[in-house]
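# Secondary and tertiary structure notes
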Amino acid sequence: MKKQMPEKYMALYEAAKAARANAYSPYSGHKVGAAIKTADGEIYGGCNIENSSYGATNCAERVAIQSAVAAIGGIRISEVMVVTDATPPWPPCGICRQVIAEFGGEATVIAANLSGECRVMKLAEILPDAFTPEHLTK
Ligand code: THU
């Protein structure tokens, strides 16, 4: 039995789906939406934004995080949702895991698809032994 979206993540899921509608992905054809929830309960969305110079592509998760930082400054992330139409749902890529770690080492990460199928993980499970700002101070 596939896990369906728990009610407590519904607002984040809806925000990620709404952001996904703006995905700019003419090269891969994959539309990705993300949304983060801050420790203060604020929600910010993002979508993937591709580029003809492929390496300049931004993932949806990082766009959501960057939008939040640009809007309100130093955030702490409590939850990250990523939504695609894929089965099984896509988890965040390695670079996005590292960027999530910068702002939310304790974050819950939810990978979901449009059917509401989801996988709920802790960032530490999918990015063990993360490099963090503390390493720079020791
Ligand atoms: N993508 C994301 O937006 N998030 C991820 O975590 C994985 C990949 C995007 C980047 C690119 O636009 C497309 O999905 C295919 O890699």
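What you see is a predicted model, and the numbers here were worked out from it, not measured in a lab.

### Looking at the environment of Glu102
Mapping Glu102 onto the fold places it in helix H3 (residues 94–103). The spatial distance from the C-alpha of Glu102 to the C-alpha of Thr132 is 6.4 Å, given a sequence separation of 30 residues. Once residues within four sequence positions are removed from consideration, Glu102 is found in contact with Arg76 and Pro133.

### Thoughts on a nonpolar patch on the surface
Among the surface-exposed residues, Tyr24, Tyr27, Ile49 and Tyr54 lie close enough to one another that they form a single nonpolar patch of about 450 Å² accessible area. Note on placement: Tyr27 falls in the loop between helix H1 (10–20) and strand E1 (33–38).

### Comments concerning the sheet that holds E1
Read from one edge of the open sheet, 5 strands run E2-E1-E3-E4-E5, paired in mixed fashion. If you trace the sheet from one side to the other, it starts and ends with strand E2 (43–47) and strand E5 (118–122), each paired once. Taking each pair of neighbouring strands and ignoring which way they run, the sheet shows an average axis angle of 15 degrees. Bridge count between E1 and strand E3 (residues 77–84): 6 bridges; the pairing is antiparallel. Looking at E3, one finds that Ile36 is bridged to Val80. Contacting E1, E2, E3 and strand E4 (108–113), H1 crosses the sheet at an angle of about 50 degrees to E3.

About the criteria used
Residues numbered from 1 in each chain as written. Predicted model: local features only at pLDDT ≥ 70, side-chain atom pairs only at ≥ 80, totals over all residues. Heavy atoms only, no water. Helix = DSSP H or I, 4+ residues; strand = E, 2+ residues; numbered from the N terminus. Contact = heavy atoms within 4.5 Å. Patch = residues over 30% accessible without salt bridge, like charges linked within 9 Å, V, L, I, M, F, W, Y side chains within 5 Å. Areas by Shrake-Rupley, 256 points an atom, 1.4 Å probe, with all protein chains shown as cover. Salt bridge = Lys/Arg side-chain N within 4 Å of Asp/Glu carboxyl O. Pairing = 2+ DSSP bridges. Axes fitted to C-alpha atoms, helices over the stretch in contact; angles between N-to-C directions.

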